[in-house]
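Chains, contacts and geometry: an overview
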Amino acid sequence: MAEKPLSDGLLRWYRSHARALPWRAPPGKKPPDPYRVWLSEIMLQQTTVAAAKPYFATFTERWPTVEALAATASEDIMAAWAGLGYYARARNLHACARAIVADHGGQFPSTETELRTLPGIGAYTGAAIAAIGFGEPATVVDANVERVIARLYAIETPLPGARPEIRKMAELLTPEDHAGDFAQAMMDLGATICSARAPDCTRCPLQNRCRAARTEDPGKFPFKAPKKTKPVRRGTAYWLERDEAVLLVRHPERGMLGGMRALPSHGWREPAADPVETPGDIDWIRYGTVRHVFTHFALELDVVGGHVLTDEAPEGEWWPIAMIEEAGLPTLFAKAVTLVAAYRENDP
DNA sequence: TAACCGTGGCG
DNA sequence: TCGCCAAGGTT
């Protein structure tokens, strides 16, 4: 006798256990606004729900439509994205919004294939928007789905090598109807029950169909290739002030943190081994060191400060220190600002 | 293909 | 304290 589709039980579980999220329609309901689906999916790339939520609220308040977003200056979008990380997402967000308006009449395309031609939309996001925003039977595979499927079938091939095998199983499991709810159900299951560190199989609606659940340690799936250790880099950031309480801020277009405002700095973008000397013609204050971990290296950034007397503007803009919060600095430099503020609090 | 690209939370 | 991890995409 044929077994019932696994999706039946999962969808039933989802109808009573779906997380209520600002960008989401309740199970079984009409898909939400594709603009909101798209915006949420971009924000959620490699990002937790908790981190994305306040940004989603801010963006939808300031820019309720894709037309509004497309008409906005890039600088404003980048500043609003500050702190969320992976800043290429914000650059692509703007490019995608403009492409939707310029080439698609302001409407998101509904198919995975068309969506994937847009900036910032890859295999996962294209499928997610098609399924969740348009009800298309697209197969959505993210890290949650990978984990759930690796456990369902006790796949011992380590990631990323197991991806083709996992995708095949995901395609077989995806139902023709309610593919959007199915995808969100898989992700909710992965986020709340079949979690990475501590799966709670006793609460799982798929427990009786799961091979890993019958093993001693279901949490050991999926297997993963060993990670490389992160090198530590060192550099210096400069708090350069003029008498009018303004601070020199730069705006590099390329490289790390490209498109974001930044404090003048050097040394850390290259894998330099030695501490960097600071120029000797200014009476420097040493504020301390900021530590920050990026995706592929850790950073120790010495923060030094000095007064600039010249009227000549070095490369960059003079930003009022009282308004530094509005500069949209990425977290690395926001930490440096905090360090300087704390130093002055204690030693004014 | 593998390197590059942020950040915050959790065990 | 520290490594792992998260609704990945681009080059």
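What counts as what
Going along each chain's sequence as written, the residues are numbered from 1 onward. Chains and ligands are labelled sequentially in the order written, the chains with letters from A and the ligands with numbers from 1. Reporting in this predicted model follows two pLDDT cut-offs: at least 70 for local features of residues, and 80 or more for side-chain atom pairs to be given and counted; totals over whole chains, interfaces and linings ignore these cut-offs and use all residues. Calculated side-chain values reflect all of the structure's heavy atoms, with hydrogen atoms and water omitted. UniProt positions are given in the numbering used here, feature names are shortened, and annotations may be inferred rather than shown by experiment. To qualify as a helix, a DSSP run of H or I must reach at least 4 residues; to qualify as a strand, a run of E must reach at least 2; elements of each kind are numbered from the N terminus. A 3.5 Å cut-off defines polar contacts: any pair of N or O atoms within that distance qualifies, except that in protein one atom must be a possible hydrogen donor and the other a possible acceptor, and neighbouring residues in sequence count only when both atoms are side-chain atoms. The contact criterion used is simple: two residues touch if any of their non-hydrogen atoms lie within 4.5 Å. We call a residue near a molecule or strand whenever a single non-hydrogen atom of that residue lies within 4 Å of it. Under the scheme applied, nonpolar residues are Ala, Val, Leu, Ile, Met, Phe, Trp, Tyr, Cys and Pro; charged residues are Asp, Glu, Lys and Arg; polar residues are all the others, including Gly. Helix axes are fitted to C-alpha atoms over the stretch in contact, other axes to C-alpha atoms as well, and angles between N-to-C directions run from 0 to 180 degrees. Angle categories: roughly parallel below 35 degrees, roughly antiparallel above 145, roughly perpendicular from 65 to 115, and oblique for all the rest. One less than the residue count of a helix, multiplied by 1.5 Å, gives the span that helix is expected to have. To sort residues, take the accessible area from a 1.4 Å probe on protein chains only and compare it with the maximum for the residue type: under 20% means buried, over 50% means exposed, and anything in between is partly exposed. Between 30 and 60 degrees the pair is tilted, below 30 it is stacked and above 60 it is edge-to-face, where a pair is any two Phe, Tyr or Trp rings, Trp via its six-membered ring, whose centres lie within 6.5 Å. When the NZ atom of lysine or the CZ atom of arginine is within 6 Å of a ring's centre and also within 35 degrees of its normal, the charge is said to sit over that ring.

Within an unreviewed UniProt entry, the label attached to chain A reads Adenine DNA glycosylase, and the organism entered is Parasphingopyxis lamellibrachiae. What the UniProt record of chain A gives under Catalytic activity (unreviewed entry) is the line "Hydrolyzes free adenine bases from 7,8-dihydro-8-oxoguanine:adenine mismatched double-stranded DNA, leaving an apurinic site." If you open the UniProt record of chain A and go to Sequence similarities (unreviewed entry), you find "Belongs to the Nth/MutY family."

Attention shifts here to the side chain of T139. Along the polypeptide, T139 turns up in the loop between helix 8 (123-134) and helix 9 (143-152). Within the structure, the side chain of T139 is placed 3.4 Å from the side chain of T174, a separation counted as a polar contact. Excluding residues that lie within four positions of it along the chain, T139 makes contacts with A127, R167, A170, E171 and T174.

Right, let's get into the protein's contact with DNA strand C. Around DNA strand C, 25 residues are found, and the nearest of them are L44, D142, N144, R147 and R197. When the atoms of DNA strand C within 4 Å of the protein are sorted by group, sugar and phosphate make up 63%. Taken together, the elements giving at least two residues each to the surface near DNA strand C come down to helix 8 and helix 9. For the surface near DNA strand C, the per-class residue count stands at ten nonpolar, seven polar and eight charged.

It is the contact of helix 1 (residues 6-17) with helix 11 (residues 179-192), at a shortest axis distance of 9 Å, that shows an interaxial angle of 70°. Accordingly, the angle class assigned to the pair helix 1 and helix 11 is roughly perpendicular. For the pair helix 1 and helix 11, contact is made by S7, L10, L11, W13, Y14 and H17 and by D181, F182, Q184, A185, M186, D188, L189 and T192, respectively. Here the contact of helix 1 with helix 11 is built from residues that sort into eight nonpolar, four polar and two charged.

With that settled, consider helix 8. Across its twelve residues, helix 8 extends 16 Å between first and last C-alpha, which sits within 8% of the 16 Å expected from 1.5 Å per residue. Extensive coverage of helix 8 is indicated by the burial of ten of its twelve residues. Within the span of helix 8, buried status applies to Y124, T125, G126, A127, A128, I129, A130, A131, I132 and G133. Residues of helix 8 that are buried make contact with helix 2 (34-43), helix 7 (112-115) and helix 11. A positive backbone phi angle near 70° is found at G135, which sits one or two residues after helix 8.

A word on the packing of helix 9 against helix 11. Relative orientation of the contacting elements helix 9 and helix 11 amounts to 80°, with a least axis distance of 8 Å. Accordingly, the angle class assigned to the pair helix 9 and helix 11 is roughly perpendicular. Here helix 9 contributes N144, V145, R147, V148 and I149 to the contact with helix 11, which in turn contributes M186, M187, L189, G190 and A191. Tallied by class, residues from the contact of helix 9 with helix 11 come to seven nonpolar, two polar and one charged.

On to the protein's contact with DNA strand B. Surrounding DNA strand B, one finds 19 residues, the nearest of these being Y87, K228, H292, V293 and H296. Among the atoms of DNA strand B lying within 4 Å of the protein, the sugar-phosphate backbone contributes 60%. One nitrogen or oxygen atom from the side chain of T47 is found 3.1 Å from a base nitrogen belonging to DNA strand B. Every element with two or more residues in the surface near DNA strand B is listed here: strand 4 (285-293) and helix 12 (331-346). Partitioning the surface near DNA strand B into residue classes produces nine nonpolar, eight polar and two charged.

Applying the stated criterion across every chain yields a total of twelve aromatic pairs. A ring pair is formed by W268 and F297, whose centres lie 6.5 Å apart and whose planes are at 40°; its orientation type is tilted. On the criterion of sequence distance, the pair formed by W268 in the loop between strand 3 (265-266) and strand 4 and F297 in the loop between strand 4 and strand 5 (298-307) is long-range, its members being 29 residues apart. Taking the relative accessible area as the measure of exposure, F297 reaches 0% and is therefore buried. Joined through ring pairs, the aromatic side chains of W268, F294, F297 and F333 make up one cluster. We note R233 situated over the ring of F297; from NZ or CZ to the ring centre the distance is 4.0 Å.

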